Amino acid sequence: MKVCPTHGYALQRITSPMSERHGLTALPISRDKFESIPIIMNLNERVKGQLLRIASDIQLLIQMQDTQVFYNSRRLLMHRLSDMGLVTPGARVRQRKLQEQFVTFYGRELLNMLECAPQQNDHSWLASATRSMRNVVHPLRLMLLLRYLYGSFSEFLKRSDQELALFGKGPWPCLNKAAGHYREDIIKECKVTRCSDTGQPVGTFHCACGFSYSRRGPDQSEDDRFRRGRIKSFGSLWEARLKGYLQAGLSYRSTAINLGVDTNTVIKYADGNTTRHTCCLKVTGKKNKVKKPSTLNGCKPVRVDWELRDLELSWQVEETCKELMNDQSRPVRVRVATIGKRIGKLSVLEKHKDRLPITMNILSNYLESVSQFQIRRVRWAAKQMNGKWPLKKWKLVKKAGLRPGYSPEVEDEISRCISYNTLISPLTSTEVTQWLH
Ligand SMILES: [Zn+2]
């Protein structure tokens, strides 16, 4: 700081007398008892004005109780850079353009005086401040960057409040039904990321019990804080509880209800898949740990954010699977290729399975085996032939497009549909009503 934010005068350095005791400088009470000179002189009005505004920014920062938002500004800052057209479609910061605009904004004189002129290469402080968070940037430099991007530090704070308010005020509830602290507000951090395609915010909440979930925002109502969009990891507590329920002889269905998930998830974890799945989750966990220093500092990785892509893709995949299952026209089998083509992401689904654990997990809940698909066709055919009574087996088989050699489960479904038809049709069919009269 070079000037007083309250009075606007340049700060002074005492020249004499300097009485130093135990490393402390004693300052005489009266102004006429010591001599001093201003630490900066002959400033032009423009630089003076800038110094004063920077001093106010610093004063504001010093008065803040919680400075987290300042030191974690990286992620927000990336959104702003993007809004200002300083990020390429490939999520790289246009460093040269940023540097040019930054230097023009402050002017060389001021930047040199503050020792904040960025060097003209890839290793300038400006480049590291907008790249990964492995390098520490001096708070004054960060402050200058924020002022350039937002106009002032207070404007930055206003924006960050808005950004955080997308998911309500923290702490946020843990939505792990297996935990004693279920729905209690104990998660302190909400990581907000943006979908690169839609720009929609995604909030991720990670509880100390190992449970983490994400949901798309912004929240529409106060109740949304209990909306658990997508579970990213269950954690050891949840898994232990699952094992306990199953060992105690509880059915998959009641276990699912107790744990707040669908039956498929329980089956998946109970069937030897557990090792495979926890393995997947552990890998993601490890990745998180490696990334932690950067996330702590609020950095948005400039490369492809696979975690985020996985999450976005999982929503798309789920929506498309549901559409396909609910479609009233002739059934189409749910396969990776079908879904991939429908959302136009087939090659990603095929090539990057390993990087998309959540999407793959969701997809596997919907994928149909041959006989599952045949059963769905039988049901569809029976529905189509509703009102035709009696329902002939050969007609149903033909309508469902079944070839001989289908499994006993499919056979069972055919019988079920026929007996159901026999049971209800006499009451609804006009033909029979007439006959009864
Ligand atoms: Zn928890």
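Provided above is the structure to which this section pertains.
The present account deals with the structure reproduced in this document. (Residues numbered from 1 in each chain as written. Predicted model: local features only at pLDDT ≥ 70, side-chain atom pairs only at ≥ 80, totals over all residues.)

Structural notes on the overall build of the protein chain
Of regular secondary structure, the protein chain possesses 20 helices and 10 strands. Buried residues in the protein chain amount to 25% of all 437 residues. (Helix = DSSP H or I, 4+ residues; strand = E, 2+ residues; numbered from the N terminus. Buried ≥ 20, exposed ≤ 12 C-beta atoms within 10 Å, placed from the backbone.)

Quick word on the environment of Ser56
Here Ser56 lies in helix H1 (residues 45-63). Taking the C-alpha atoms as reference points, Ser56 and Val3, separated by 53 residues in sequence, lie 9.5 Å from one another.

Section: the sheet that holds strand S9 (residues 212-216)
The strand order across the open sheet formed by four strands is S7-S8-S9-S10, and the pairing between neighbours is antiparallel. Of all strands in the sheet, those with a lone pairing partner are strand S7 (190-194) and strand S10 (230-233), marking the two edges. Here the strands of the sheet are splayed against their neighbours by 25° on average, with no regard to which way each runs. As defined by bridge partners, S9 adjoins S10 across three bridges and the pair is classed as antiparallel. The partner of Ser214 across the bridge, within S10, is Arg230. (Pairing = 2+ DSSP bridges. Axes fitted to C-alpha atoms, helices over the stretch in contact; angles between N-to-C directions.)

Describing the packing of helix H9 (residues 235-247) against helix H10 (residues 252-259)
Running from N to C, H9 and H10 point in directions that differ by 150°, and their axes come no closer than 10 Å. Taken together, the axes of H9 and H10 lie roughly antiparallel to each other. The two elements H9 and H10 cross, and the hand of that crossing is right-handed. When H9 is examined against H10, the residues Trp238, Arg241, Leu242, Tyr245 and Leu246 are found in contact with a partner set consisting of Thr255, Asn258 and Leu259. A per-class count over the contact of H9 with H10 returns five nonpolar, two polar and one charged. (Parallel < 35°, antiparallel > 145°, perpendicular 65-115°, else oblique. Left-handed = near helix turned anticlockwise from the far one by under 90°. Contact = placed C-beta atoms within 7 Å. Nonpolar A, V, L, I, M, F, W, Y, C, P; charged D, E, K, R; others polar.)

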